[in-house]
Amino acid sequence: VKYANRTAFQIRNGKDTFRNITYAQLKELYYGLCTKFIEMGYLGKKIAVIGANSFEWALSYLCAATVGVAVPIDKELQAEDVRDFFDSAECVAVCTDNEKIEVLKNVVTREINYIPFDTIEKLANEKCDTALVDSIEIGKDEMRILIFTSGTTSKSKAVMLSQKNICSNISGLNEWETFYPTDVNMAILPLHHAFGMVQVVLFISTGV
């Protein structure tokens, strides 16, 4: 309500054109996609998100971490490594780019639902049940994000994070710097990094 008419995301349509998504629209899309995920049977399940930084990536992540557990995965990984992460995390679905789907289908043998990024907004606009989404109970220390370390020095490890983990980082950042609704930010870090998504949620929480 506070930032309803302000721009939440600015998406490049072409060389010099942009499409703006307001906070009011973001709220509707968030509740809509959460509703769709629930209808698809993903309540409490693990949903992977893979791809380049985009609005669809961020929306998929936010909804996955609400309905179940978001599993952000590096898009630069080999398909075989992604398959192993799917198996380790027991993912039931993955939100990703169309081209990535074709690559993954060649190596992933387990049953998993592929949700193309270019269908995310359509799915989010099909139905919106705010009461259903708001009824989800999330414990403060309950795992809602499962990330994998880069494996630079040893075998990649799974790291369990709660929504409280993310929010505590946001609280700490707000103590060190003041953010204003008039600020505009470009997300540089890959969103599959823990801090990459922390910055996005931070900016959303302050109306940037």
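Here is a short report on the structure shown in this document. (Residues numbered from 1 in each chain as written. Predicted model: local features only at pLDDT ≥ 70, side-chain atom pairs only at ≥ 80, totals over all residues. Heavy atoms only, no water.)

A closer look at the packing of helix 7 (residues 163–176) against helix 8 (residues 194–205)
- Close contact between helix 7 and helix 8 brings their axes to 9 Å; oriented N to C, the two are set at 65°. Regarding helix 7 and helix 8, the two cross each other, and that crossing is right-handed. Residues Ile166, Asn169, Ile170, Leu173 and Asn174 of helix 7 lie in contact with helix 8, whose contacting residues are Phe195, Val198, Val201, Leu202 and Ser205.
- Among the residues forming the contact of helix 7 with helix 8, the class breakdown is seven nonpolar, three polar and no charged. (Axes fitted to C-alpha atoms, helices over the stretch in contact; angles between N-to-C directions. Helix = DSSP H or I, 4+ residues; strand = E, 2+ residues; numbered from the N terminus. Left-handed = near helix turned anticlockwise from the far one by under 90°. Contact = heavy atoms within 4.5 Å. Nonpolar A, V, L, I, M, F, W, Y, C, P; charged D, E, K, R; others polar.)

A closer look at the packing of aromatic side chains
- A full pass over the atoms with the stated rule returns seven aromatic pairs.
- Measuring from centroid to centroid gives 5.8 Å for phenylalanine 179 and phenylalanine 203, while their planes differ by 70°, and the two rings are edge-to-face. Of this pair, phenylalanine 179 sits in the loop between helix 7 and helix 8 while phenylalanine 203 sits in helix 8, and the two are 24 residues apart along the sequence. Both residues of the pair, phenylalanine 179 and phenylalanine 203, count as buried. (Phe/Tyr/Trp six-rings, centres within 6.5 Å; stacked < 30°, edge-to-face > 60°. Buried < 20%, exposed > 50% of the residue type's maximum accessible area, 1.4 Å probe, protein only.)

Some remarks on the pattern of salt bridges
- Counted by the stated rule, this structure contains eight salt bridges.
- Between lysine 36 and glutamate 126 there is a salt bridge, with the nearest N and O atoms lying 2.8 Å from each other. You can see lysine 36 sitting in helix 1 (residues 23–39) and its partner glutamate 126 sitting in the loop between helix 5 (120–124) and helix 6 (130–134), a full 90 residues away along the chain.
- Accessibility expressed as a relative area gives 17% for lysine 36, which makes it buried.
- Assessed through its relative accessible area of 43%, glutamate 126 is described here as partly exposed.
- With its nearest N and O atoms 2.9 Å apart, the salt bridge here joins arginine 144 to glutamate 142.
- Arginine 144 sits in the buried class, given a relative accessible area of 5%.
- Residue classification places glutamate 142 among the partly exposed residues on the basis of a relative accessible area of 31%.
- Salt bridges sharing common partners tie together Lys36, Lys122 and Glu126. (Salt bridge = Lys/Arg side-chain N within 4 Å of Asp/Glu carboxyl O.)

So, helix 3 (residues 79–89)
- When helix 3 is considered as a whole, its buried residues turn out to be Ala79, Val82, Phe85, Phe86 and Ala89. Taken end-on, helix 3 shows its buried residues confined to a sector of 115°, consistent with a single buried face.
- Where helix 3 is buried, its residues touch strand 3 (46–50), strand 4 (69–73), strand 5 (91–96), helix 4 (98–105) and strand 7 (143–148).
- Looking one or two residues beyond helix 3, the residue adopting positive phi is glutamate 90, at roughly 60°. (Arc of directions from axis to C-beta.)

Here we look at the packing of helix 1 against helix 2 (residues 55–67)
- The N-to-C vectors of helix 1 and helix 2 enclose an angle of 55°; their axes lie 9 Å apart at closest approach. Judged on the interaxial angle alone, helix 2 and helix 1 are oblique. Seen from above, helix 1 lies across helix 2 with right-handed handedness. Facing helix 1, whose interface residues are Leu26, Leu29, Tyr30, Leu33, Cys34, Phe37 and Ile38, helix 2 presents Phe55, Leu59, Ser60, Leu62, Cys63, Ala64, Thr66 and Val67.
- Grouping the constituent residues of the contact of helix 1 with helix 2 by class yields 13 nonpolar, two polar and no charged. (Parallel < 35°, antiparallel > 145°, perpendicular 65-115°, else oblique.)

Some words on the pairing of strand 3
- Of all five residues making up strand 3, five are buried, and the element is well covered by its neighbours.
- Bridge count for strand 3 against strand 4 is five bridges, and the pairing is parallel. Residue alanine 48 lies in a different strand from strand 4, and its bridge partner there is valine 71.
- As for the winding sense of the linkage, the β-α-β connection from strand 3 through helix 2 to strand 4 is right-handed.
- Pairing of strand 3 with strand 5, which is carried by four bridges, proceeds in the parallel orientation. What sits directly across from lysine 46, in strand 5, is cysteine 91. (Pairing = 2+ DSSP bridges. Right-handed = clockwise from strand over helix to strand, strands pointing away.)

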